[in-house]
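Observations on the three-dimensional arrangement
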Amino acid sequence: MLEKRGASLTMTINTKQFGSIDIDESEIISFPDGLFGFESLKKFTLIEEPDSPMMWLQSCSESDLAFVILRVVDFMKEYDLSISQSDLESVGTEDPSELDVFAIVTIPLENPSEMTANLMGPVIINMKDKKGRQVISLCDKYKTKHRVLDELQAKTGA
Amino acid sequence: MLVLARRTNESIMIGDDIEIVVIDIKGDQVKLGIKAPKKVTVHRKEIFDEIKQENIAAISTPFKPDTLRDLSDFFKKK
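Residues numbered from 1 in each chain as written. Chains lettered and ligands numbered in written order. Predicted model: local features only at pLDDT ≥ 70, side-chain atom pairs only at ≥ 80, totals over all residues. Heavy atoms only, no water.

A word on the overall build of chain B. If you tally the helices and strands in chain B, you get two helices and three strands. For chain B, the N- to C-terminal ordering of α and β elements is β-β-β-α-α. Taken over the C-alpha trace, chain B has a radius of gyration of 22 Å; the compact-globule value for 78 residues is 12 Å, which it surpasses by more than 25%. The principal-axis extent of the C-alpha atoms belonging to chain B is close to 60 × 25 × 25 Å. Relative to its full complement of 78 residues, chain B shows a buried share of 21%. Sequence separation of 24 or more characterises 0% of the internal contacts of chain B that already satisfy a separation of 6 or more. Charged side chains in chain B number 15 positive and 13 negative. The centres of these two groups are separated by 4 Å. (Helix = DSSP H or I, 4+ residues; strand = E, 2+ residues; numbered from the N terminus. Rg over C-alpha atoms; globule rule 2.2 N^0.38 Å. Buried < 20%, exposed > 50% of the residue type's maximum accessible area, 1.4 Å probe, protein only. Contact = heavy atoms within 4.5 Å. Lys, Arg positive; Asp, Glu negative; His and termini not counted. Charge placed at Lys NZ, Arg CZ, Asp CG, Glu CD.)

Here's what the structure looks like:
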């Protein structure tokens, strides 16, 4: 539901974690091709988990479809964003440094601290143009399950 | 689905700028060469499937509401 309130457009969306919330139209990120396996979901918004680097990539149309994501810089010492030119162009830039790079996190029910990050299929977002895409890393070393706490330990040197 | 029979060193064209050449055939394995413009991405299908499966796994776990808060503690500076 899109409603005009004052100068900006506000939309009420139902979220998995936070119930019904209002977001500004400018907070909607378009994913023209959806995500792998979820090609019909074209609009998402980012919701920050309070006091945490963890965030939700919440579908604007399906309340149950929300992914926990992390910025790769928040848990990795380094991440080599090696992706195709067409992936870059599809989010409206030729400069990878303009992008925010996220990994989708899978959290096992029984043992949440074994959570893993999908580095093979990172999510790139051009915040300026509000355009996102899940891409395929061209770097062989990145798989779909990297233990987040191992990466975090390598990053902090603990 | 269009099915074409090809021999070693023969190729097919997809559109006018993508060429797929059969380089070698050994047993049940075919080695293909792909000539395509730089903007065309080429990946093994298993990669797509793997990422799709992981996306499904990521949204399928009904973890408890407190889980994220507990996990967030790991990121706090020691």
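From this point, the narrative continues.
Quick look at helix α2 (residues 148-156) of chain A now. Residue and element names in this part refer to chain A. Buried within α2 we find V148, L149, E151 and L152. Summarising the axial view, the buried residues of α2 lie within an arc of 155°, below the 170-degree limit, and thus occupy one face. With its phi angle positive at about 70°, G157 sits one or two positions after the end of α2. (Arc of directions from axis to C-beta.)

A few words on the interface of chain B and chain A. Contact residues are listed per partner, giving 26 residues for chain B and 44 residues for chain A. Summed over both sides, the interface between chain B and chain A buries roughly 3,000 Å², with carbon and sulfur atoms accounting for 72% of that surface. Its largest share of buried area at the contact with chain A, chain B owes to B:E54, B:I59 and B:F75, together 22% of the area lost on that side. Taken together, chain B and chain A are joined by two salt bridges. With a closest N to O distance of 3.1 Å, A:K145 and B:E54 form a salt bridge. On the surface where chain B and chain A come into contact, there are five residue pairs in polar contact (both at pLDDT 80 or more). When contributions to the side of chain B that touches chain A are tallied by element, the ones reaching two or more residues are α1 (45-60) and α2 (67-72) of chain B. The element best represented in the side of chain B that touches chain A is α1(B), accounting for 11 residues. (Buried area = accessible area lost by both parts, 1.4 Å probe. Salt bridge = Lys/Arg side-chain N within 4 Å of Asp/Glu carboxyl O. Polar contact = N/O pair within 3.5 Å; in protein donor to acceptor, adjacent residues only side chain to side chain.)

Before going further, it helps to spend a moment on the sheet that holds strand β1 (residues 11-14) of chain B. All names here are of chain B. Read across the sheet, three strands follow the order β1-β2-β3 without closing on themselves; strand pairing throughout is antiparallel. At either margin of the open sheet sits one strand with a lone partner, and together these are β1 and β3 (29-35). Going from strand to strand, the sheet's axes swing by 25° on average, the running direction of each strand aside. With four bridges connecting them, β1 and strand β2 (residues 18-26) associate as antiparallel partners. Considered in β2, the bridge of M13 is made with E19. (Pairing = 2+ DSSP bridges. Axes fitted to C-alpha atoms, helices over the stretch in contact; angles between N-to-C directions.)

This part is about the side chain of A:S52. Within the element layout of this structure, A:S52 appears in the loop between β5 (43-48) and β6 (55-59). At 2.9 Å, the side chain of A:S52 forms a polar contact with the backbone nitrogen of A:M54.

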